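# What the coordinates show
These are the residues of each chain, in order.
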Amino acid sequence: MRVVLFCDMEGVCGIQSWEQTGGSSPLYQEGRELYTEEVNAAVRGCLAGGAASVVAQDGHGGAYPGGRAFMNWIPSLLAAGAEYVRGYRWSSYVEPLEKGECDVIGFVGAHARAGLENAVLSHTVNADGWYSVSMNGQEISESAIIAAIAGSFGVPVGAIAGDAAACDELSAFLGSDIPCARVKMGLGRYAVRMLAPVAARALVEETFRTAMRSRERWAPPYTTRDTVVIRVELASPDRARPMAEYEGVTLVGPRTVEVEGRTFYEAWRKLWRPWS
Ligand SMILES: [Zn+2]
């Protein structure tokens, strides 16, 4: 079984402020360590559950002053037994999916979409610049976007670790009882009730170990029979206009763009470029 883990920082246990997710504050270093160790726990769980290979990718951009986009892990602390993708833009490293080298994906450190209540550090793609993303009229989270990208390549979702809102949201989107590691619960956007990080890591490890052995609980590859229409509502017109220059992207309001495709990925790829 070959696993790809899509990892983010905001849903990691112990993290509940932006200062822990980027910038020059010492709290960012604390966040990096918490993030690295929780990813390690998921890797250990996958391997213990029988995964033949694990590729984890750092999907946290965190364009804060002094932050290092997609380079948040502390490399010297990373667990052996997996490969790690750093420095590559969120949602864009799809090579294992394209090549048929991924049997299942999982999420670590997942957070909920912008605007959801009691969701820690909730946002969708960009906390300042994006208001919402919807697919065929339904508002969706970053995890749902990635699940739909994987689904475009026929790949199922096996497990998720993150805050309770993110886990509940993705389970509802996929209509499935995937194994979830709810490492914290939002008491607002910047307050949490959480496990101790060491306990969260044990939970994440066990959840991924279980998931590897419970194919019947995986969410089938996400697909839709309808044409996929993705609508992105941005914070302001200056954010929308440059996107509307891309081929296939339509400006449908002063700060709203739309794309469409036969699959989610075909549509998404029109507005989201790996290195734009
Ligand atoms: Zn992030």
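So, here's what we can say about the structure. (Residues numbered from 1 in each chain as written. Predicted model: local features only at pLDDT ≥ 70, side-chain atom pairs only at ≥ 80, totals over all residues. Heavy atoms only, no water.)

## Considerations on the nonpolar core
For clarity, the cut-off: The nonpolar core is taken to be a set of buried Ala, Val, Leu, Ile, Met, Phe, Trp, Tyr and Cys residues, with the residues joined through side-chain atoms within 4.5 Å. The rule is simple: take the accessible area with a 1.4 Å probe, protein chains only, and divide by the maximum for that residue type; under 20% is buried, over 50% is exposed, in between is partly exposed. Here a strand is any run of E in DSSP of at least two residues, a helix any run of H or I of at least four, and the numbering for each starts at the N terminus. Contacts were defined at the residue level, with two residues in contact if any of their heavy atoms lie within 4.5 Å.
Counting 52 residues, the largest nonpolar core has Ile105, Phe107, Trp130, Leu170, Phe264 and Trp268 as the members making the most contacts within it. In terms of residues, this core owes the most to one element, helix α3 (residues 142-152), which gives seven residues. Apart from the residues lying within four places of it in its own chain, the contact partners of Trp130 are Thr124, Val125, Val232, Glu233, Leu234, Ala235, Met243, Trp268, Leu271 and Trp272. Listed in part, the 36 residues of the second largest apolar core include Val12, Cys13, Leu34 and Ala200.

## A short note on the sheet that holds strand β6 (residues 138-139)
The line we're drawing: In this scheme, strands are said to pair when DSSP sees at least two bridges between them. All axes are obtained by fitting lines to C-alpha atoms, using only the stretch in contact for helices, and the reported angles, taken between N-to-C directions, cover 0 to 180 degrees.
Strand order in the open sheet made by the five strands is β6-β5-β10-β12-β11, with antiparallel pairing throughout. Each edge of the open sheet carries a strand with a single partner, namely β6 and β11 (250-253). Relative to strand β12 (residues 256-261), strand β10 (residues 228-234) is paired through six bridges, and the arrangement is antiparallel. Following the sheet pairing, Ile230 is matched in β12 by Val259. The strands touched by helix α6 (residues 237-244) within the sheet are β5 (130-135), β10, β11 and β12, with β12 carrying the most contacts at an inclination of about 30 degrees.

## Examining helix α5 (residues 197-212)
For an α-helix the count is 3.6 residues per turn, leaving residues at separations of three or four pointing the same way. Put simply, the rule reads: Under the convention used throughout, the expected extent of a helix is 1.5 Å for every residue step, that is, one less than its residue count. Throughout, the arc means the angular range of directions from the helix axis out to the C-beta atoms.
With 16 residues, α5 should cover 22 Å at 1.5 Å per step; its first-to-last C-alpha distance of 22 Å lies within 8% of that length. Among the residues of α5, Ala200, Arg201, Val204, Thr207, Phe208, Ala211 and Met212 are the ones counted as buried. Buried residues of α5, seen end-on, are gathered within an arc of 130 degrees and therefore sit on one face of the element. Where α5 is buried, its residues meet β1 (2-7), α1 (26-48), β4 (104-110), β7 (157-163) and β8 (180-186).

## Describing the coordination of the zinc ion
As a reminder, the rule being used: The rule for donors is simple: an N, O or S atom within 2.8 Å of the metal counts, and for Na, K and Ca the reach is 3.2 Å. Water is not among the atoms, so a site may look short of donors.
Only Asp8 (OD), Glu10 (OE), Glu10 (OE) and His60 (ND1) from the protein coordinate the zinc ion, and they sit 2.0 to 2.7 Å from it. Mapping the donors of the zinc ion onto the primary sequence yields the spacing D-x1-E-x49-H. Of this pair, Glu10 sits in the loop between β1 and α1 while His60 sits in the loop between β2 (53-58) and β3 (83-85); the two residues are 50 residues apart in sequence, bridging distant segments of the chain. In this pair, the class of Glu10 matches that of His60, namely buried.

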